[in-house]
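These are the residues of each chain, in order.
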Amino acid sequence: MEKTTTNVLIAGAGHAGAQAALMLRKLGFAGAVALAGAEADPPYERPPLSKAYLAGEEPFERMLMRPKEAWAELNIDLLRGRRIVAVNPAAHEARCENGERITYGKMIWAAGGTPRRLPAPGGDLAGIHVIRMRADVDAIRAELGGANNIVIIGGGYIGLEAASVLVGMGKRVCVLEAQDRLLARVAGPALSDFYEGEHRSRGVDIRLGAKVDAIIEQGGRPAGVRLAGGADLPADLVIVGIGIAPEVEPLIAAGAEGALGGVKVDEFCRTSLPDIYAAGDCAAHANRHAGGAVIRLESVQNAHDQAAAAAAAIAGSPKPYDAVPWFWSDQYDLKLQTAGLSTGHDQALVRGDPDSRSFSVVYLKNSRVIALDCVNATRDYAQGRRLVSTGGVCDLNLLTDPDVPLYKPPVRKG
Ligand SMILES: Cc1cc2nc3c(=O)[nH]c(=O)nc-3n(C[C@H](O)[C@H](O)[C@H](O)COP(=O)(O)OP(=O)(O)OC[C@H]3O[C@@H](n4cnc5c(N)ncnc54)[C@H](O)[C@@H]3O)c2cc1C
């Protein structure tokens, strides 16, 4: 079986993996870099999967992070269709599913996560979909023609983005959320209420506190969803968006310290295994913006910035990861931009009027701004991000006045 040797092996060719490879070259790293990913496609942007790509409005080629030829031009060895299934840290060797062995000097583990399947009878039928890869959305789109009733399980960002696209295509869409509000894991009640109102006003049937008992099957496909309590909802197609399980099994099996289902890293993205770093959705880290708590972030920002930190450490110019978290979500004509982390806030103020569909929710802890959710309010977002990064102090009495800027750069003297 083939054996490859490389200076840096990157496992996973998604957001973090691709960014790590690009960053190594940007920092002048001249050694061999192999970017090994399980998917057949070159690295691509995932956010459009539940937005414009699902809507059929963005061709896949536009989602590529770099044109196909760019990887070879940068002397990055893109190994597609290579799933790494075992790591031997002592021998500095990884084994791919196809038996190929790769010897490395340093390794960056950037394998993201796998969507959780529905833990209910019928949860693995054909016609039950997730959205994580291009292939997932291609499979959904192939079935859309024959699907009128679509049930989305999970009222998080991915489920709600999919709902906004599908209701826009004229489908009957029902969103089932187990919690008592949408976006419960990531946002405060004011934002949840706003999005619930928006979706309902477009005809999305939202069921809160909904628990799925089973998928009703007909001819090997879903025909409906049975809720705890007995109600049946018609469904020709089901999309499950209930989170991911980090892809870290080979590292944990090799003895890496784990946390929160992922792999634990320090501020330079080093795992507890020698010469192995990790970045992106799979990397649990202590985050200053979460009060030092160990968290996992699932965002493009985190994938890019952690990848940059790992690459910088390997390239010999270490810089700790300390970025302000940010995120966005597109639903209908609403652009949500968030800065900071609202977990643990003790006050949430609404700035502007939600009825105008342009407003922000400002989250405070001990009278400091720790996070913002800005809906169609890009200026608040840009200023709020600065505010969060500089320590979040401002005049609390003026926070709710949308005419008063959230942040004014200090005046330079002289
Ligand atoms: C539908 C959708 C919409 C999103 N929208 C937004 C958004 O609007 N804003 C935002 O900030 N974030 C968004 N995200 C989140 C963002 O895309 C992720 O946080 C980001 O992709 C994480 O990067 P990653 O490199 O850790 O994982 P990924 O990008 O998932 O890359 C991991 C790669 O590793 C591969 N892999 C897995 N196991 C192995 C293995 N053992 N060996 C080799 N390769 C392996 C996978 O196939 C995958 O290609 C969205 C995500 C999804 C799925």
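Here the structure is a predicted model, which means the values were calculated and not measured.

S.K.: Got a minute to help me understand the UniProt feature "domain: Reductase C-terminal" (unreviewed entry) in the protein in this structure?
M.R.: With numbering aligned to this structure, UniProt lists the feature "domain: Reductase C-terminal" (unreviewed entry) at residues 326–406. The span residues 326–406 carries 15% helix and 44% strand; its end-to-end C-alpha distance comes to 17 Å.

S.K.: Help me out: how do you make sense of the site of the ligand in this one?
M.R.: The local shell around the ligand holds 33 residues, among which Ala16, Glu39, Lys51, Arg132 and Asp281 are the closest. Here a nitrogen atom of the ligand and a backbone polar atom of Ala38 are 3.1 Å apart. Between the ligand and Glu39, the relevant distance is 2.5 Å, taken from an oxygen atom to a side-chain nitrogen or oxygen of the residue. Considering the ligand on its own, with 990 Å² of exposed area, one finds that the protein chains cover 96% of that surface. Looking at the shell around the ligand, the elements that each hand over two or more residues are helix 1 (15–26), helix 8 (300–314) and strand 22 (326–331).

S.K.: Looking at this structure, how should I read the sheet that holds strand 12 (residues 212–218)?
M.R.: Strand pairs in the sheet, formed through backbone hydrogen bonds, run parallel or antiparallel to each other. Taken together, the 3 strands give an open sheet; going across it, the order is 12-13-14, and neighbouring strands pair in antiparallel fashion. What marks the edges here is a single partner per strand, and that holds for strand 12 and strand 14 (232–234). Across the sheet, the mean angle separating the axes of adjacent strands is 30° when strand polarity is ignored. Here 6 bridges tie strand 12 to strand 13 (residues 221–227), and the two strands are oriented antiparallel to one another. Within strand 13, the residue paired with Gln218 across the bridge is Arg221.

S.K.: How do you make sense of the environment of Val265 when you look at a structure like this?
M.R.: One can find Val265 in the loop between strand 18 (262–264) and strand 19 (276–278). Distance from Val265 to Leu341, taken between C-alpha atoms, is 19 Å for residues 76 residues apart in sequence.

S.K.: What am I meant to see in the packing of aromatic side chains here?
M.R.: Between two aromatic rings, the relevant description is the distance of the centres plus the angle of the planes. Per the counting criterion, the structure on display carries 6 aromatic pairs. Put simply, the rings of Tyr44, Tyr53 and Phe60 pair up and form one aromatic cluster. Above the ring of Phe60, the side-chain terminus of Arg134 is found at 3.7 Å from the ring centroid. Geometry around Tyr332 places Arg202 over its ring, the cationic atom sitting 4.1 Å from the centre.

S.K.: Sorry, what's going on with the sheet that holds strand 10 (residues 172–177) here?
M.R.: Taken in spatial order, the 5 strands of this open sheet run 8-15-9-10-11, and their pairing is parallel. The open sheet has two edge strands, strand 8 (128–129) and strand 11 (205–208), and neither has a second partner. Across 4 bridges, the pairing between strand 10 and strand 11 is parallel. Note that in strand 11 the partner of Glu177 across the bridge is Leu208.

S.K.: So what exactly am I meant to see when it comes to the nonpolar core here?
M.R.: Side chains of a nonpolar character, in soluble globular proteins, are inclined to be buried together. Of all hydrophobic cores here, the largest spans 41 residues; its most connected members are Ile152, Leu166 and Leu191. Residue contributions to this core peak at 7 residues, all from helix 5 (residues 157–168). Apart from residues no more than four positions distant in its own chain, Leu166 is found in contact with Leu54, Leu144, Ile150, Ile152, Lys171, Val173 and Ile239. Counting 34 residues, the second largest nonpolar core, distinct from the first, contains Ile76, Ala110, Ala279 and Ala311.

S.K.: Whenever I open this one, the pattern of salt bridges confuses me. Can you help?
M.R.: A complete count under the given rule lists 23 salt bridges for this structure. Note that Lys335 and Asp330 form a salt bridge whose closest N and O atoms lie 2.7 Å from each other. Judged by relative accessible area, which is 26%, Asp330 ranks as partly exposed. Between Arg357 and Asp333 there is a salt bridge, with the nearest N and O atoms lying 2.7 Å from each other. Of this pair, Arg357 sits in the loop between strand 24 (347–353) and strand 25 (358–365) while Asp333 sits in the loop between strand 22 and strand 23 (334–340), placing them 24 residues apart in sequence. Taken together, the shared-partner salt bridges connect Glu198, Arg202, Asp333 and Arg357 into one network.

S.K.: What exactly am I supposed to notice about the side chain of Glu196 here?
M.R.: Here Glu196 shows up in helix 6 (residues 189–201). A residue is classified by how much of its surface remains accessible, and Glu196, at 17% relative accessible area, is buried.

S.K.: Where do I start with the packing of helix 1 against helix 8 in this structure?
M.R.: The relative placement of two packed helices comes down to the angle between their axes together with the axis-to-axis distance. Contact pair helix 1 / helix 8: the axes reach a minimum separation of 8 Å and the direction vectors enclose 40°. It follows that helix 1 is oblique to helix 8 by the angle criterion. Where helix 1 crosses over helix 8, the two elements pack in a sense that is right-handed. Where helix 1 approaches helix 8, its residues His15, Ala16, Gln19, Ala20, Met23 and Leu24 are matched on the opposing element by Val300, Ala303, His304, Ala307, Ala308, Ala311 and Ile314. The class makeup of the residues in the contact of helix 1 with helix 8 is 10 nonpolar, 3 polar and no charged.

Scoring rules and cut-offs
Residues numbered from 1 in each chain as written. Predicted model: local features only at pLDDT ≥ 70, side-chain atom pairs only at ≥ 80, totals over all residues. Heavy atoms only, no water. UniProt positions renumbered as here; feature names shortened; annotations may be inferred. Helix = DSSP H or I, 4+ residues; strand = E, 2+ residues; numbered from the N terminus. Near = heavy atom within 4 Å. Polar contact = N/O pair within 3.5 Å; in protein donor to acceptor, adjacent residues only side chain to side chain. Areas by Shrake-Rupley, 256 points an atom, 1.4 Å probe, with all protein chains shown as cover. Pairing = 2+ DSSP bridges. Axes fitted to C-alpha atoms, helices over the stretch in contact; angles between N-to-C directions. Phe/Tyr/Trp six-rings, centres within 6.5 Å; stacked < 30°, edge-to-face > 60°. Lys NZ or Arg CZ within 6 Å of the ring centre and 35° of its normal. Core = buried A, V, L, I, M, F, W, Y, C linked by side-chain atoms within 4.5 Å. Buried < 20%, exposed > 50% of the residue type's maximum accessible area, 1.4 Å probe, protein only. Contact = heavy atoms within 4.5 Å. Salt bridge = Lys/Arg side-chain N within 4 Å of Asp/Glu carboxyl O. Parallel < 35°, antiparallel > 145°, perpendicular 65-115°, else oblique. Left-handed = near helix turned anticlockwise from the far one by under 90°. Nonpolar A, V, L, I, M, F, W, Y, C, P; charged D, E, K, R; others polar.

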